Amino acid sequence: MISELRHKYKLENLLEITSVARSTFYYNNSKLNKPDKYEKVKKVIKGIFEHNKGRYGYRRITIELRKQGYIINHKTVSKLMKECGLKCKIRAKKYNSYKGEISPGVDNLINRDFHADQSNSKWLTDITEFSIPAGKVYLSPIIDCFDGLPVSWTIGTSPSSDLVNRMLDGAISTLKENEKPIIHSDRGCHYRWPGWIERMEKAKLTRSMSKKGCTPDNSACEGFFGRLKNEMFYGY
């Protein structure tokens with residue numbers, strides 16, 4: 001504004017009225033006249049953001065930029081996204097199945113070590129919620145730590161014991177006789193009811209549980225849900 005009015009009014013009067021220091025004016029004026037060194041990067045960021053329908057935040061966009069040869073700090077990417085008015089879709093509140101200490105808990109045998117050298121040695125499970133116009137839908141999968149893929153899953157309109165029990169039955173049916181994976185879950189009621197425990201004991205599988213309210217203890221499963229929703233749910 002000051003630059004536009006300089007030809008008509010004295011600079012010192014404009015600075016006094018706007019309470020802008022002379023040094024501040026000259027500094028910002030010099031920056032305005034310089035080309036934006038991030039102009040090309042901003043276009044690439046917008047392209048990545050729009051291609052993924054607004055589902056990528058600054059971390060995922062930073063990864064995509066590096067794949068294209070742009071070595072740039074994630075904090076800079078976050079700043080550039082704000083300048084461009086790009087904001088990732090807000091995630092829905094996580095479904096919580098904790099209903100109290102229904103039955104005795106078990107130790108956390110996985111202890112945040114989600115690496116597995118072979119398939120069917122470490123399995124993770126949880127329930128996630130999808131809100132759609134018709135109501136709510138729940139997904140219950142078992143994820144293999146070996147490759148991060150679901151071994152078995154069920155979908156239903158109610159987060160019932162039947163949902164997780166059928167999923168477990170499907171997963172157990174894929175096992176060979178000598179395969180006895182550890183199955184890690186949170187402390188949700190579904191994994192503490194008799195039906196779940198009986199199936200685990202019958203198949204001679206080992207239970208493992210996160211600490212109460214400690215999401216990082218099952219972060220690999222949470223990560224699966226996050227990628228799933230980012231790729232095919234948010235924005236649709």
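### Thoughts on the pattern of salt bridges
Step number 1: Per the stated rule, a full pass over the model turns up eight salt bridges.
Step number 2: For the salt bridge of E83 with K42, the shortest nitrogen-to-oxygen distance reads 2.9 Å. Taken as a pair, E83 in helix α6 (residues 74-83) and K42 in helix α4 (residues 39-51) lie far apart in primary sequence, 41 residues in all.
Step number 3: When the shortest N-O distance is used, the salt bridge between D113 and K122 registers 3.4 Å.

### What to know about a positive patch on the surface
Step number 1: The grouping of K31, K34, K37 and K79 at the surface amounts to a positive patch.
Step number 2: Along the polypeptide, K79 turns up in helix α6.

### Observations concerning unusual backbone geometry
Glycine aside, negative phi is the norm for most residues, and most peptide bonds take the trans geometry.
Step number 1: Even without being glycine, S19 reaches a positive phi, approximately 60°.
Step number 2: Within the secondary structure layout, S19 lies in the loop between α2 (11-18) and α3 (22-32).
Step number 3: In this structure, N120 is a non-glycine residue whose phi angle is positive, near 60°.
Step number 4: Position of N120 relative to the elements: it lies in the loop between α6 and β1 (122-125).

Conventions we followed
- Residues numbered from 1 in each chain as written.
- Predicted model: local features only at pLDDT ≥ 70, side-chain atom pairs only at ≥ 80, totals over all residues.
- Heavy atoms only, no water.
- Salt bridge = Lys/Arg side-chain N within 4 Å of Asp/Glu carboxyl O.
- Helix = DSSP H or I, 4+ residues; strand = E, 2+ residues; numbered from the N terminus.
- Patch = residues over 30% accessible without salt bridge, like charges linked within 9 Å, V, L, I, M, F, W, Y side chains within 5 Å.
- Areas by Shrake-Rupley, 256 points an atom, 1.4 Å probe, with all protein chains shown as cover.
- Lys, Arg positive; Asp, Glu negative; His and termini not counted.
- Charge placed at Lys NZ, Arg CZ, Asp CG, Glu CD.

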